[in-house]
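Chains, contacts and geometry: an overview
Single-letter residue listing:
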Amino acid sequence: YKTLEYNPGLRPQLMCGSPQEIASDPFFGDHGFDVAVPEKSGWRSMTDFELSGQRHTIWTHLALHANDQLRMKMAWSLSQIISVGLPDERPVDDFEDTEAYLAFYDMFVNNGFGSFRQLMTEFSFSYIMARWLSFEDNRSLQYNINKDGSANYPDENFAREIMQLFSVGLYKLNMDGSKVVENGKAVDTYSIEDIVSYSRAWTGFVKRSIRGGVASGSKGWLSKSMDPLKIDVDKRDWFPKTNLDGGFIGDKVALCADLPSKHFIRAGATYKLLGRSGTPELHEDNHVWAQNPDLLQLDLDSTSPLYAKLCEADASGGCTFPAKVVLDQNLVYNEAAKNGSEYAVDTIRAVRMKVGNLSIWYEYIRVPCVEHAFFRDAKRVIQGNMKNKAEQSPNMCANPKLEAATPLCSDIGWETNESANGVIYCHYNAERVKYESAVEICEANGMEQSYPWILKQYRAGPCAEGIQDREFRMWANAECGLKVKVELELGQIAIVHSPGPDRVGNVNVEKHVDIDSDNFFMVPWEGSGHVALNDCLSISSCYVHGDNYCICDTDATESIVYSSSGEVASIDDITSSLHIGAIDPSAFDAGTYSDLGNCGIQGVTVYSKAGDCSSLELDTIFAFEQNTKPIFLKNSKSTVSIPGSAFQFRNPVHFISLSDPEARDAYYETDEVLDSLFYHPSSPPFLAIRLLQRFGVSNPSPDFIARVATAYKTGSFLEFGSNKYGDLGATVAAILLDKESRSVVLDADQASGHLREPLIKVISLFRSMGLRYEMPLQITTLINMGGKIGQGSFEYPSVFSFFLPEFSPPGVVNQAGLVSPEAMVLQGNNMLFLLEAYFNTVKFGIVDCFKMDSFESWDSGNLFSCPSMEGDTSSTPARLSYWPQSVASVDNIIDELDILLTSGRLQDRNRAMIKSIVYPLMGDIPKAVRATQQLILSTPEYHSTTLPRKQDNARELTGYTTKHKAPYKAVVILMMRGGVDSWNMLVPKGQCVTADAYEEYVEARGEVHAIPQGNLTSISAVGSSQDCAEFGVNVNFRLLADLYNQGQALFMANTGVLAEPVTKHGGWKEGLRPFAHNTMKELFYTADVYGEKPGTGVMGRLLDALNQNGLQTSANNVGHGMTMLSGDQAFNNPVYTVSTKDPSELNKYPTIDNLIDVVKTLNGVGDISNSMMSEHWSSRVSSALFENEQMQEIAAIPEFELTDYPVSVKLSESFKAIAGYMKSRDYRKVNREVFFLSQGGFDMHNENLLHEKFPETNDALEGFIQELKTQGLWNSTVIVMGSDFGRSMNANSNGGTDHAWGGHYFMAGGSLKGGRIIGEYPTPLGPESDFWTKRGRWIPTTPWEAIWNGVAQWMGVHDDEELDGVLPNRKSFGLCDLFTDKDLFVDGACQCIQGINEQYTMCDDITYSPTSFPTTSPSMSPTGSPTSTPTADLPDDGS
């Protein structure tokens, strides 16, 4: 399609594929890649399901059959560290994008043993990643202001996640993986200011234009998802950006002003073939210029040394025109060659080479360099026309030492000649020159560099012929001032250019550098800090601008750092003191620099122009290697001072010219941003830990981490590696060949090993047991495994992948201070599905039957019948072909399967049990083999990589035996995952005392993002002590407004995680882990900011306290709630899984009739020395079986069935499961319960979709509340809504919002004192508030402890000491600042009394009669060692 065969009228085109791309064959047949060839097979031959399945098919096929299995394992590991999510969970919702997803995954395959730095570049420019983390078409603040006046900041999503998850992590790390600690606290790797700074670097990334090829088909946009993104420099942020070291992106990069003359013919200069088009790709030139014969072009003479280099003639003398040419040494120009056109210019953009009638173009790509933001002797640069003495276009300043503009000449005497016209001279169109060159060019033409009275740019000489207005800038012979705009609160600065008025008094400055610029960034102020208001008023060179800014004159000076080499002790001294990079001395003319040796500094070479080791100069260069990278640093520093004061700061650097921005420099800046993460000291241990965990070591020793990190850093381990920093081949070699990986002794260590990943276990079974396909074209896809076993290829639930590296499941693992990431997916349903699918695969093969749990996932339309006889594989498309080498005895069979399935870890007790069961079956050898397979697949030895030690008795799990007489109460936690934008849920509407809060809301949110008043359902806040008496609830959440108006719901305003009451004036940033999803959710779940109750959640501790008071409790998890529901293990209160699915029917058509009972014994009570990973698996599978049996019992009782329950969305299924479980409360004999369920999709960086999500919540809640009323439980239940955090008031450039802090939440219940807004809704709703921080990230005024205090009292915890146990940080707030249950509920018992000198709580006495002594619920016997572990959590993500 789109080829000459089908389109003979089309012109031939050069087709360039993406890296590693090969052509698809549209005629391959079924299960090949689907392409659009309308002339052959119609627009599409496959169903959506088949299209989606292709990527899973390819992945599974390679996992099973690829020869390079280590590379496949490495790719799979990397994909879990750098993950993109489910296609149907984000904007990436196109089934047809299969090939793009595979291309994304191929990045991990191709770079698995290569450089992590190359991998960083590839995923950062990936269209799939950009859509997933919402930086596609991310735009700078200034671009948004210029476009429509909106002050929308760049999207912060990718900037945050590339740091937290892909490169350096939240905390600074030592090489052994331990956290860097200062003043007793772990040091953060980055701050919220760093995220803001880096977000500005991820602007301007856009899709490439459609290119031809069969991948385009009928949907040309598909091909773009295969290609790397490009950078649109207009949408890019051009300003300085701080790095993670307190400096700037571009530190230690050479200054453009220091480039040697004729840098385009010196070592390092790069030329890229453009072909027959003269339009540069990395320079911003009008595409019509190269085709305009009237415009001057830079032609190379065939005798030019540069021509010869670009030609690269073959043996016959013909030019080969390489695609890329990098000069490896300076080109030598003799006197004749110096007459060439290129030798007369300051710089080159593109050059033309003529070969006969053929013109070939090359683009010059200058080496990376940076500019200082402030400089001396600034000159004005103008553009456009001058009419009636007035400039018609905005102007600004430029550094005269840089090639920034064209000459602008006038006749001598122009200063007083009001008729003097401006003329533009050049050597080639769009030439840029330094100011001194502009002067020389004008003089060579008998004129002077000028600031003319009249200028018609398009008529201003041959170099302006046909040029459109404002396409380049011109030097003006006029001074220009540089000022600094200081933000008085934080000391951030913006760059202000002050070119002064034109000849008629008009001041017309480019917006991005005028006095109202909002392009602020941090700078390192020296001495006593930044300018404050009083300083601004007292300094003669400063003046106050607006309410919070000070504008001052500046003076930039450059000074020497080291006068003598004796002042330098080491390379560390140099890197900490010198920030300005230098050009490699070899790029200068011979004799410019002298090599002084190391001058006594080990590992350094010192170069000087005229000095010696005892007398160093400003231009002295220190050269050395750091992290296998050559570094050149200049012996100077640049300081910006405010005249008339002691205030000064280090001169910032930036890559992109503020007057002449080029895409080239945006790419260089991106490289430096990636380098700042790649070379960060935390990066080697960060990646070492994550790769070690993916390769089977959940808790590596510090020494092991250090050795792997060292291999990564040096690029070498034994004989493996390239000796380059970031070598992944050396890293994986260190992991696999280290003594700790190969030590048999460590297998006996209780803390060693890991829980095996679910998908890897399935692949292992298929490989070791010889999966064989009965039909050649039927290939196992393993699609949709994420929802079945907790893990699937291309099914990452979020950017956090399947597991959090730091996840520590409650129980023995947490008690030991260890982690087990894979435990996150040990949900009961997942575990039982996995076991049953194992059993079915052994008995029947890969069944294609919806009635059976199976690893089958193609949609064959039931071509095969469901098996009904144990061992019959005739009706399945694939089966296990394994047969033992010897079946002479039971021991032979067990020994061989033990090696294949557990690597020989099967312990004596389980071996003996298996033997006793299999031995009677030896009369039927195939059945005996199947029985042995199923039994070993059930053991902890198979599911973990450590040695279990256990007893022979199953774990006994029981519930309560007698009914308690206390009335039933329940708390339902609804977690809106991702950080809900609650500023668009509850909005001030009117009747305000101090100001028009709705107008303030609109100003803060922006016209586009603010909700119109007509889309707000009014509620009254009279009696709520708010500034406004009328608020509005998002019209898409009508139920919430109705409940509020009925007195059955209330709002908690500006609530969030707090360590103590704070304002923006001090201390608010400490311990926040820059608003990261996982850490902020952890703090919400635990309500334990100082970690006083490790391994427990606030609801788990509440249930512990209630249980100890004789109430019969149950913690119930519908998903993602493990952390919040887990109590102290000393009280042995497990967390139950409440499934949205029917209970599983296990062991259909059994090989072993009592297999499930045997599984319980195989996973029986562990000895005190049991492996912790094995213990966790066994306790979890035992709990899952108990839960399943209990649910089977409940399901068998007709009165517990819910009839006519409305299920409209996925959330409704979760609420229905809770309602059904509540209905069985008397059967389970419980009277206090907490339920946890969640709704994902609220991390709306890219677009505000509350109009889609709130109706789902509304409908699901409506059905649930109706059912509670039917059961008579509405007055006994309270629903509490929570979320990760609030979101920024200011929108970002993608139409969404970013992570923030305080937000609004709601409670609903029949016993609530509703119809109120508690807490304090902020006023004023803007920067004037003490709780507003940058971008409208609100500091909470109500802590979650205030809410939980009243909920805990309502549930029955009244004693202050017990409440302190439930809420360990409760005492950080005033007692009467915490809500009591009488504050929240009509049937509350407690109130806070404000005495003269004290506050205390007084509660009504409540007794329940008769009462029965509670049993420990549920319990496991015996309890000599930890045997009960709650249901594990699903991944906590930001979706």
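The model shown is predicted, which means the values in this text are computed figures rather than measured ones.

1. Topic: the overall build of the protein
Counting its regular elements, the protein contains 40 helices and 48 strands. Across the protein, the fraction of contacts at a sequence separation of at least 24, relative to all contacts at a separation of at least 6, is 75%. Per element, the accessible surface of the protein, about 53400 Å² overall, is 49% carbon and sulfur.

2. A look at the sheet that holds strand 16 (residues 474-479)
Pairing is antiparallel in the open sheet, where 3 strands are placed in the order 13-10-16. One side of each edge strand has no neighbouring strand; the edge strands of this open sheet are strand 13 (396-398) and strand 16. Each strand of the sheet is rotated relative to its neighbour by a mean of 50°, with strand direction disregarded. Strand direction decides the pairing type here: strand 10 (residues 379-382) and strand 13, joined by 3 bridges, are antiparallel. For Arg380, the partnering residue across the bridge sits in strand 13 and is Cys397.

3. Overview of the pattern of salt bridges
On inspection of all chains with the given rule, the structure shows 56 salt bridges. A salt bridge links Asp258 to Lys634, with the shortest nitrogen-to-oxygen separation between them at 2.9 Å. Note that Asp258 is positioned in the loop between strand 4 (230-231) and strand 5 (270-275) and Lys634 in strand 25 (residues 629-634), a separation of 376 residues in sequence. Through salt bridges with shared partners, a single ionic network connects Glu156, Arg160, Asp1298, Arg1335 and Arg1337.

4. Points about the side chain of Glu672
One can find Glu672 in helix 15 (residues 663-678). Buried charge without a salt bridge: Glu672, with Lys629 as the nearest opposite-charge side chain at an N-O distance of 4.9 Å. When near neighbours in sequence (up to four residues on either side) are disregarded, Glu672 contacts Ile249, Gly250, Asp251, Val253 and Phe655.

5. Some remarks on the nonpolar core
Formed by 334 residues in total, the largest nonpolar core has its most connected members in Phe123, Met129, Phe855, Met1307 and Trp1348. Take this core: its biggest share by element is 9 residues, from helix 23 (residues 828-844). When neighbours within four sequence positions are excluded, Met129 is seen to be in contact with Ile82, Ser83, Val84, Phe104, Phe123, Ser134, Phe135, Phe158 and Phe166. Counting residues in each nonpolar core, the second largest holds 24 residues, with Phe264, Leu298, Leu310 and Leu327 among its members.

6. Things to note about the packing of aromatic side chains
Under the criterion given, the structure shown has 58 aromatic pairs. On the numbers, 5.0 Å between centres and 35° between planes, the contact of Tyr796 with Phe802 is tilted. When its relative accessible area of 3% is taken as the criterion, Tyr796 is described as buried. Phe802 sits in the buried class, given a relative accessible area of 1%. Among the aromatic residues, those joined into a cluster by ring pairs are Phe125, Phe135, Phe158, Trp202, Phe205 and Tyr667. Its guanidinium or amino end placed over the ring of Phe695, Lys73 lies 5.4 Å from that ring's centre, counting from NZ or CZ. Taking the ring centre of Tyr343 as reference, the NZ or CZ of Lys262 above it sits at 5.3 Å.

7. Remarks on a nonpolar patch on the surface
A cluster of nonpolar residues, Leu70, Leu718, Phe720, Leu736 and Leu737, forms a patch on the protein surface that exposes about 410 Å² of accessible area. Assignment of secondary structure puts Leu736 in helix 18 (residues 728-737). According to the relative accessible area criterion, Leu736 is partly exposed, its value standing at 34%.

8. Describing the side chain of Asp1104
Secondary-structure assignment places Asp1104 in helix 31 (residues 1098-1108). Arg1101 is the oppositely charged side chain nearest to the buried, salt-bridge-free Asp1104, at an N-O distance of 7.4 Å. Within the local environment of Asp1104, its side chain forms a polar contact with the backbone nitrogen of Asp1128, the two atoms lying 2.6 Å apart. Apart from the residues lying within four places of it in its own chain, the contact partners of Asp1104 are Gly1127, Asp1128, Phe1131 and Asn1133.

9. Here's the deal with unusual backbone geometry
In the segment running from Thr1323 into Pro1324, the intervening peptide bond is cis, with an omega of -5°. Structurally, the position occupied by Pro1324 is in the loop between strand 42 (1317-1319) and strand 43 (1332-1333). Even without being a glycine, Asn723 presents a positive backbone phi close to 65°. On the secondary structure map, Asn723 appears in the loop between helix 17 (702-714) and helix 18.

10. Side note on the sheet that holds strand 35 (residues 1028-1034)
Sheet architecture is open: 3 strands sit in the order 33-35-34, paired in antiparallel fashion. Edge positions in the open sheet fall to strand 33 (986-992) and strand 34 (1016-1020), since each of these has one partner strand only. Each neighbouring strand pair of the sheet contributes to a mean axis angle of 35°, computed without reference to strand direction. Against the sheet, helix 28 (residues 997-1005) contacts strand 33, strand 34 and strand 35, and its axis sits at roughly 145° relative to strand 33.

11. Things to note about a negative patch on the surface
Where like charges cluster on the molecular surface, the negative patch consists of Asp547, Asp996, Glu999, Glu1003, Glu1007 and Glu1328. Counting through the fold element by element, Glu999 comes out in helix 28. Take Glu999: its relative accessible area is 46%, and that puts it in the partly exposed class.

12. Topic: helix 18
For the α-helix, the turn length of 3.6 residues means that residues three or four positions removed from each other point alike. Of all 10 residues in helix 18, 8 are buried, a share of seventy percent or more. Where helix 18 is buried, its residues touch helix 3 (69-81), helix 4 (98-111), helix 5 (116-124), helix 16 (683-694), helix 17 and helix 19 (739-742). The N-capping residue of helix 18, defined by a side-chain oxygen 2.8 Å from the backbone nitrogen of Gly729, is Asp727.

13. Focus: the confidence of the model for the protein
Low pLDDT marks regions whose predicted coordinates should not be analysed in detail. Taken as a whole, the protein shows an average pLDDT of 89; of its residues, 90% reach a score of 70 or greater. This model gives residues 10-14 a pLDDT under 50, and the stretch forms 2 contacts once residues within four places in sequence are excluded. Predicted confidence for residues 26-44 stays below pLDDT 50, and this span has 37 contacts to residues more than four positions away or in other chains.

14. Points about the state of the cysteines
For the structure on display, the rule yields 11 disulfides. The disulfide partner of Cys599 is Cys613, and the gap between their sulfur atoms is 1.9 Å. Here the disulfide of Cys599 and Cys613 is left-handed, its torsion about the S-S bond being about -70°. On the criterion of sequence distance, the pair formed by Cys599 in the loop between strand 22 (594-595) and strand 23 (605-608) and Cys613 in the loop between strand 23 and strand 24 (621-626) is long-range, its members being 14 residues apart. Between the sulfur atoms of Cys992 and its disulfide partner Cys1028 the distance amounts to 1.9 Å. Disulfide Cys992 to Cys1028: torsion about the S-S bond roughly 100°, handedness right-handed. On the criterion of sequence distance, the pair formed by Cys992 in strand 33 and Cys1028 in strand 35 is long-range, its members being 36 residues apart.

15. Details of the packing of helix 20 (residues 758-768) against helix 23
Helices that pack against each other are described as a pair by the angle of their axes relative to one another and the distance between those axes. Where helix 20 contacts helix 23, the two axes come as close as 12 Å, and the packing angle between them is 10°. When the axis of helix 20 is compared with that of helix 23, the two are roughly parallel. Taking contact as the criterion, the partners of Lys761, Val762, Leu765 and Phe766 in helix 20 are, on helix 23, Leu834, Tyr838 and Thr841. Broken down by class, the residue content of the contact of helix 20 with helix 23 amounts to 5 nonpolar, 1 polar and 1 charged.

16. Things to note about helix 35 (residues 1210-1223)
With 14 residues, helix 35 extends 21 Å between its outermost C-alpha atoms, agreeing within 8% with the 20 Å of an ideal straight helix rising 1.5 Å per residue. The buried count for helix 35 comes to 10 of 14 residues, which makes it a mostly enclosed element. Every buried residue of helix 35 is accounted for by Leu1211, Ser1212, Ser1214, Phe1215, Ala1217, Ile1218, Ala1219, Gly1220, Tyr1221 and Met1222.

17. Focus on the packing of helix 16 against helix 17
Relative to each other, helix 16 and helix 17 sit at 115°, their axes nearing to 8 Å. As for the relative orientation of helix 16 and helix 17, their crossing is right-handed in sense. In this structure, helix 16 contributes Ser683, Pro684, Pro685, Leu687, Ala688, Ile689 and Leu692 to the contact, and helix 17 contributes Phe704, Ile705, Val708, Ala709, Tyr712 and Lys713. Residue composition of the contact of helix 16 with helix 17, grouped by class: 11 nonpolar, 1 polar and 1 charged.

Analysis parameters
Residues numbered from 1 in each chain as written. Predicted model: local features only at pLDDT ≥ 70, side-chain atom pairs only at ≥ 80, totals over all residues. Heavy atoms only, no water. Helix = DSSP H or I, 4+ residues; strand = E, 2+ residues; numbered from the N terminus. Contact = heavy atoms within 4.5 Å. Areas by Shrake-Rupley, 256 points an atom, 1.4 Å probe, with all protein chains shown as cover. Pairing = 2+ DSSP bridges. Axes fitted to C-alpha atoms, helices over the stretch in contact; angles between N-to-C directions. Salt bridge = Lys/Arg side-chain N within 4 Å of Asp/Glu carboxyl O. Buried < 20%, exposed > 50% of the residue type's maximum accessible area, 1.4 Å probe, protein only. Lys, Arg positive; Asp, Glu negative; His and termini not counted. Core = buried A, V, L, I, M, F, W, Y, C linked by side-chain atoms within 4.5 Å. Phe/Tyr/Trp six-rings, centres within 6.5 Å; stacked < 30°, edge-to-face > 60°. Lys NZ or Arg CZ within 6 Å of the ring centre and 35° of its normal. Patch = residues over 30% accessible without salt bridge, like charges linked within 9 Å, V, L, I, M, F, W, Y side chains within 5 Å. Polar contact = N/O pair within 3.5 Å; in protein donor to acceptor, adjacent residues only side chain to side chain. Charge placed at Lys NZ, Arg CZ, Asp CG, Glu CD. pLDDT = per-residue confidence, 0-100. Disulfide = S-S within 2.5 Å. Parallel < 35°, antiparallel > 145°, perpendicular 65-115°, else oblique. Nonpolar A, V, L, I, M, F, W, Y, C, P; charged D, E, K, R; others polar. Expected span 1.5 Å × (residues − 1). Left-handed = near helix turned anticlockwise from the far one by under 90°.

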